[in-house]
Amino acid sequence: MTPKHITVLGGGLTGLTAAYRLAERLPSTQVVLLEATQRLGGWVDSHRYPIQYTSDGKDIRGEIVLEGGPRSIRPRGSRGAVKMLKLLQDLDLEGSIRPIPNSHPSARNRFLLGPSGSLQALPSSALSLLRSPYLRDLLFGGLTEPFRRRSLVLDESVDAFFRRRLGPAIADKLASAMVHGIYAADSRDVSLRSAFPILHEAERKRGSIVLGMLLGTKSPEEKRSEKESWDELGPLGKEREGWSLYGLQGGLGTLTSRLAERVRQLGVEVHLGNPVTALSMKDTNIEVSTSENTVLTSRLVSALPPHRLAPLVTLPNLRSNPLTSVGVINLVFPLPPAQVHPAGFGYLIPRSGPSQNPEGVLGVIFDSTALDTEGEPPVCKLTVMMGGPYWSSYPSTSGRPMERPSNPTELVSPALQHLRRVFPHLQDVEPVLIRPKLHIECIPTYLPGHGGRLRELHEAISSGPWKHKLSLVGSGYGGIGVNDCVGSAEEVVDALAQGHSATGLERWADWS
Ligand SMILES: C=Cc1c2[nH]c(c1C)Cc1[nH]c(c(CCC(=O)O)c1C)Cc1[nH]c(c(C)c1CCC(=O)O)Cc1[nH]c(c(C)c1C=C)C2
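All values derive from a computational prediction rather than experimental measurement. (Residues numbered from 1 in each chain as written. Predicted model: local features only at pLDDT ≥ 70, side-chain atom pairs only at ≥ 80, totals over all residues. Heavy atoms only, no water.)

**Focus: the overall build of the chain**
No. 1: Within the chain, the regular secondary structure consists of 18 helices and 19 strands.
No. 2: For the chain, whose C-alpha radius of gyration is 23 Å, the value lies close to the compact-globule estimate of 24 Å for 512 residues.
No. 3: Overall, the C-alpha framework of the chain stretches about 65 × 60 × 50 Å when taken along its three principal axes.
No. 4: Buried positions account for 53% of the 512 residues belonging to the chain.
No. 5: Residue pairs at least 24 apart in sequence account for 74% of intrachain contacts in the chain once pairs closer than 6 positions are excluded. (Helix = DSSP H or I, 4+ residues; strand = E, 2+ residues; numbered from the N terminus. Rg over C-alpha atoms; globule rule 2.2 N^0.38 Å. Buried < 20%, exposed > 50% of the residue type's maximum accessible area, 1.4 Å probe, protein only. Contact = heavy atoms within 4.5 Å.)

What follows is the structure, given as structure tokens:
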């Protein structure tokens, strides 16, 4: 039966996608969207800024886009990748897609910051591997990896997995940096199976990562259904094969703004500044109390981070994962990027001690060459990402807790200090624009055992008072990427629109 009334909790990308699809696919259902803050869009944070400076006696003016949160989207890899492109098509945003081709410097040139403070290119081809400082570690790790024994443990940390299969050098240098760049967390804390399921599957099915990558891990049925869903996108499904990543004109905020617009056009009741204070059952309905009013609803779709839902419901495992906080500092220098850094995506910094990395920086993005900046003045845009595991000791593996600043402006001086050490050319150049942001508890750290805990949560919803009433979506559960978030919302709405019930956690029902 079609629910009469559905309330979506949380107005970030996931909640907006859920509200939009519900309103579109269930036109006779009243959809309400409750957002605690005064703004829709969540961690997506794109802004346009005017820029003006003088260079060689010339007055330079223009506008630039800065991203304080996620900035690019992968056109492959996760279940949500195809759903994201379909969403962009349905929102008439196909023309705003700015692809980064596979041949673009940002796809090919990715760096690690070495212990001596110099940039080391990550190999992107067989030839570049031969010149890579990681040649020995990668060759030794890669050649011996297929002969290493499988683990009997159900889940382990990313660090333990890489150490076991590829040796300590790869675990310390590459894996720790990769986890900094995605989870802003310590690789010793993050579950391999939840964060990189493809690597877990490669070992389980082929006994080796190398063989898994060479031979693949998907069944013919899985490959066929994946191909069918890409084909449904029409020519775009083919075009995206040539892309490494894509952005959107105006930044990812273009997507959340369009969603917000459509949600309102479709008649969704949007309440801002309205945090939920209590949830309780009233016969077959749920009473949702907020600081302002009370709504009686037949179903809830929660896009809240699990720890925010935890005080409102009696369900297990909602507080099991810690969250990391990240300092994101956008800096704009009045110089052409080529005078500062090599063209490329940016660099990540492996786990390092206070003498090498006193500021606790995780990585730096070369925004001017990482994404399409057509039409912008020739400035050098850099984003310094800092904090994460260096600001927390949970579960105490980082070993060097630094105090998290309380005010974003405190991030500026360490970010500049770091950049001027790596790029001495910036020593005497003042930025023309600085935008520091402190994202408190923005990314969940999926600890080992996360999948098993999601199974318990799924069972608790399916068998208790929340049965047929509550769906969970968003980055707290099945993936932190923008594709994952959109994918989770789409899957739940698909089920509801077909008259099924969905906890949103069905994928974990058979986790063992
Ligand atoms: C606020 C900081 C974020 C950090 N990680 C994420 C955010 C929002 C989430 C994230 N970052 C990446 C992925 C994987 C790709 C995906 O599924 O979308 C996720 C989920 C990869 C990534 N990391 C950085 C960029 C620019 C990208 C996208 C490009 C790519 O996939 O190759 C840079 C970066 N992000 C963080 C740090 C510390 C960092 C350092 C340079 C944390």
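**Re the packing of aromatic side chains**
Aromatic rings in a pair are described by how distant their centres are and how their planes are angled relative to each other.
No. 1: A complete count under the given rule lists eight aromatic pairs for this structure.
No. 2: Their ring planes at 70° and their centres at 6.0 Å tell us that Tyr347 and Phe366 sit as a pair that is edge-to-face. Linking Tyr347 in strand β15 (residues 346-348) with Phe366 in strand β16 (residues 361-366), this pair joins segments that are 19 residues apart in sequence.
No. 3: Pairwise contacts between aromatic rings join Phe111, Tyr347, Phe366 and Phe423 into one cluster.
No. 4: Lying across the ring of Phe345, Arg110 places its NZ or CZ 4.1 Å from the centre. (Phe/Tyr/Trp six-rings, centres within 6.5 Å; stacked < 30°, edge-to-face > 60°. Lys NZ or Arg CZ within 6 Å of the ring centre and 35° of its normal.)

**Notes on the pattern of salt bridges**
No. 1: Under the defined criterion, the tally for this structure stands at 36 salt bridges.
No. 2: Linking Arg351 and Asp159 is a salt bridge whose minimum nitrogen-to-oxygen distance equals 3.4 Å. Within this pair, whereas Arg351 is found in the loop between β15 and β16, its partner Asp159 is found in helix α6 (residues 158-166), the two being separated by 192 residues in sequence.
No. 3: Given the relative accessible area of 7%, Asp159 is considered buried.
No. 4: In this structure, a network of salt bridges that share partners links the residues Asp159, Arg163, Asp172, Asp186, Arg188 and Arg351. (Salt bridge = Lys/Arg side-chain N within 4 Å of Asp/Glu carboxyl O.)

**Some words on the environment of Asp137**
No. 1: In this fold, Asp137 is placed in helix α5 (residues 135-144).
No. 2: Accessibility expressed as a relative area gives 15% for Asp137, which makes it buried.
No. 3: When the C-alpha atoms of Asp137 and Leu166 are compared, they prove to be 8.3 Å apart, with 29 residues separating the residues in sequence.
No. 4: Non-local contacts of Asp137, meaning those with residues more than four positions away in its chain, are made with Ala169, Ile170 and Lys173.

**Quick notes on the packing of helix α1 (residues 13-25) against helix α2 (residues 80-90)**
No. 1: Remark: α1 packs on α2, axes separated minimally by 13 Å, with the N-to-C direction vectors making an angle of 60°. On the basis of their axis angle, the class for α1 and α2 is oblique. Seen from above, α1 lies across α2 with left-handed handedness. On the side of α1, the interface is formed by Thr17, Tyr20 and Arg21, while α2 contributes Lys86, Leu87 and Asp90.
No. 2: When grouped by side-chain class, the residues that make up the contact of α1 with α2 number two nonpolar, one polar and three charged. (Axes fitted to C-alpha atoms, helices over the stretch in contact; angles between N-to-C directions. Parallel < 35°, antiparallel > 145°, perpendicular 65-115°, else oblique. Left-handed = near helix turned anticlockwise from the far one by under 90°. Nonpolar A, V, L, I, M, F, W, Y, C, P; charged D, E, K, R; others polar.)

**Structural notes on the site of the ligand**
No. 1: Taken together, 20 residues lie around the ligand, and Arg74, Arg110, His180, Gly181 and Ile182 are the ones closest in.
No. 2: Between Gly181 and the ligand, the recorded distance is 2.6 Å, taken from a backbone N or O atom to a nitrogen atom.
No. 3: At 2.7 Å, a backbone N or O of Ile182 approaches a nitrogen atom of the ligand.
No. 4: For the ligand, the protein covers 87% of the area, taking 760 Å² as the surface of the free molecule.
No. 5: Put simply, the parts of the chain that give the shell around the ligand at least two residues each are α7 (168-183) and β16.
No. 6: In terms of residue class, the shell around the ligand is made up of 12 nonpolar, five polar and three charged. (Near = heavy atom within 4 Å. Polar contact = N/O pair within 3.5 Å; in protein donor to acceptor, adjacent residues only side chain to side chain. Areas by Shrake-Rupley, 256 points an atom, 1.4 Å probe, with all protein chains shown as cover.)

**Focus on the nonpolar core**
Across soluble globular proteins, nonpolar side chains show a tendency to be buried alongside one another.
No. 1: Counting residues in each nonpolar core, the largest one holds 48 residues, and the members touching the most others are Leu22, Leu85, Leu88, Leu255 and Val301.
No. 2: Broken down by secondary-structure element, the contributors of at least two residues to this core are β1 (5-9), α1, β2 (30-34), α2, β8 (243-248), α13 (253-265) and α18 (482-497).
No. 3: Leu88 has contacts with Leu93, Glu94, Ile97, Tyr246, Leu248 and Leu255, leaving out every residue within four places of it along the chain. (Core = buried A, V, L, I, M, F, W, Y, C linked by side-chain atoms within 4.5 Å.)

**Details of α2**
No. 1: Across the 11 residues of α2, eight count as buried, placing the element largely inside the fold.
No. 2: For α2, every residue scored as buried is listed here: Gly80, Ala81, Val82, Met84, Leu85, Leu87, Leu88 and Gln89.
No. 3: Of the residues trailing α2, Asp92 is marked for its positive phi of about 60°.

**As for the sheet that holds strand β19 (residues 470-472)**
No. 1: In spatial order, the strands read β9-β2-β1-β13-β19; together these five strands make up an open sheet with parallel pairing. Edge positions in the open sheet fall to β9 (269-271) and β19, since each of these has one partner strand only. Strand-to-strand twist in this sheet, taken as the mean axis angle between neighbours without regard to direction, amounts to 15°.
No. 2: Two strands pair when backbone bridges link them, and β2 and β9 are joined in this way by three bridges, in the parallel orientation. If you follow Leu33 over to β9, its bridge partner there is Val270.
No. 3: Sitting on the sheet, α1 touches β1, β2 and β13 (299-302), and the angle it makes with β2 is about 170°. (Pairing = 2+ DSSP bridges.)

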